[in-house]
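Spelled out, the chains give:
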Amino acid sequence: MLSICVGCIGIVTWRWVMVAEAVAAWLPGERGYEIGLRKGKLVCRNPQGKTLASLPKWLKESEIAESLRALAEWLDDHQAECRHTIERWMLRSLSVPREVVNEIWADPDWRSSLENLVVAPVDAKGKPNFEKTGLLKQVDAQRGLGVVDLDGETRWHKSPAMTVPHPILIADLEELRELASDLSITQTIDQLYRPVHQPTKDQAELKSINDYTEGMFEQLNFALSLCRRLGYPVRGGYATCRVWENDVMIEARYYVGDEYPEAETYTGPLVFVDANDKAVKIADLGPVTFSEGVRMASAIYAKRKVEESASEETP
């Protein structure tokens, strides 16, 4: 199901003021001072209109300052939710109605997360046209979706919906990477330069991947902390990553240990299980599911403790 933070649209106008002026609209405080937000931090100016280097203690502890701090925290959470939502669209290959894109484009947090992503138009039957992929640059209620194609030309699509394809589904991935590099384009969402993985012929016949076993962490706590930072929940000793592909949920599980938190731990195999906790053969996995599972395991394994060789220890 498509998930949208509809309530966020109400703060669009106020948010645009913050972006345009790099500071919130000044709000009246006590003693003739005014207070606002700049890049998430409280700022103030005195009755003469001079912006001060720091807030007086009495103003910092005022009710209006507390309200602005809460607003700054909410805006940070809103920005993170926008990014996470769009990443879910990509991981689940969701079709997003153009009307929804039109509405959220005005919000700078939604826009910064969507802008420069590779998108593909989706027809009325829900079928994406990957031959018309391009970098999303503009959204207009009348003209549609403005994308830059491989020729560097802006094309407008009036399709009823769009999708944000996972990079492993993008046929012209390398060409689009080159285009983005030539145009100095960056993405807020990790899409174009997201590591992608495909199974080898030998792996296709297996039910587990053992390329990332025996990764040592001095404490299980270290591995668990790493999994949290990377956004992978840990259950029953396994770092997990759920992917919905072709309307089927598969969970990738990578063993990181389940002993004492302070004890040494070693990583184990990467497996993929269905909704009934039954292991799925690699050959039966969708490309996104396999790629994201291996991405998780490789990211955790990369942070293992690596023993220095004798030659490295000798000065």
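Going by the structure above, here's the rest.
Owing to the predicted nature of the structure, the values given are computational and were not obtained by experimental measurement.

S.K.: What's the story with the sheet that holds strand S10 (residues 208-209) in this structure? I'm lost.
M.R.: To summarise the sheet geometry, strands pair through backbone hydrogen bonds and adopt either a parallel or an antiparallel arrangement. Read across the open sheet, the five strands follow the order S10-S16-S14-S13-S12; overall the sheet is antiparallel. Strands at the two margins of the open sheet, each flanked by one partner only, are S10 and strand S12 (234-235). With eight bridges connecting them, strand S13 (residues 238-245) and strand S14 (residues 248-255) associate as antiparallel partners. Its bridge partner being in S14, Tyr 238 is matched across the sheet by Tyr 255. Against the sheet, helix H9 (residues 287-301) makes contact with S10, S13, S14 and strand S16 (270-273), and its axis sits at roughly 160 degrees relative to S13, the strand it touches most.

S.K.: What's the story with the nonpolar core in this structure? I'm lost.
M.R.: Side chains of a nonpolar character, in soluble globular proteins, are inclined to be buried together. Tyr 254, Leu 270, Phe 272, Met 296 and Ile 300 are the most contacted members of the largest nonpolar core, which totals 28 residues. Per element, the largest residue contribution to this core is seven residues, and it comes from H9. Ignoring sequence-local partners within four residues, the contact set of Leu 270 consists of Lys 207, Ser 208, Ile 209, Ala 252, Arg 253, Tyr 254, Gly 293, Val 294, Met 296 and Ala 297. Residues Cys 82, Leu 136, Leu 145 and Val 147 belong to the second largest nonpolar core, which totals 22 residues.

S.K.: Would you explain the sheet that holds strand S1 (residues 27-28) in this entry?
M.R.: Read from one edge to the other, the open sheet built from three strands follows the order S1-S2-S3, with strand pairing classed as antiparallel. Edge positions in the sheet fall to S1 and strand S3 (41-45), since each has one partner strand and no second. As paired strands, strand S2 (residues 34-38) and S3 are joined by five bridges and run antiparallel to one another. Within the sheet, the bridge partner assigned to Leu 37 lies in S3 and is Leu 42.

S.K.: Could you clarify how one ought to interpret the packing of aromatic side chains in this entry?
M.R.: Each aromatic ring pair is described using two quantities: the centre-to-centre distance and the angle formed by the ring planes. Applying the stated rule across the entire model yields five aromatic pairs. When the centroid spacing of 5.3 Å and the interplanar angle of 90 degrees are considered together, the rings of Tyr 33 and Trp 58 count as edge-to-face. Highlighted residues: Tyr 33 in the loop between S1 and S2 and Trp 58 in helix H2 (residues 57-60), separated in sequence by 25 residues. For Trp 58, a relative accessible area of 24% translates into the label partly exposed. When the centroid spacing of 5.7 Å and the interplanar angle of 75 degrees are considered together, the rings of Tyr 212 and Tyr 301 count as edge-to-face.

Cut-offs applied
Residues numbered from 1 in each chain as written. Predicted model: local features only at pLDDT ≥ 70, side-chain atom pairs only at ≥ 80, totals over all residues. Heavy atoms only, no water. Pairing = 2+ DSSP bridges. Helix = DSSP H or I, 4+ residues; strand = E, 2+ residues; numbered from the N terminus. Contact = heavy atoms within 4.5 Å. Axes fitted to C-alpha atoms, helices over the stretch in contact; angles between N-to-C directions. Core = buried A, V, L, I, M, F, W, Y, C linked by side-chain atoms within 4.5 Å. Buried < 20%, exposed > 50% of the residue type's maximum accessible area, 1.4 Å probe, protein only. Phe/Tyr/Trp six-rings, centres within 6.5 Å; stacked < 30°, edge-to-face > 60°.

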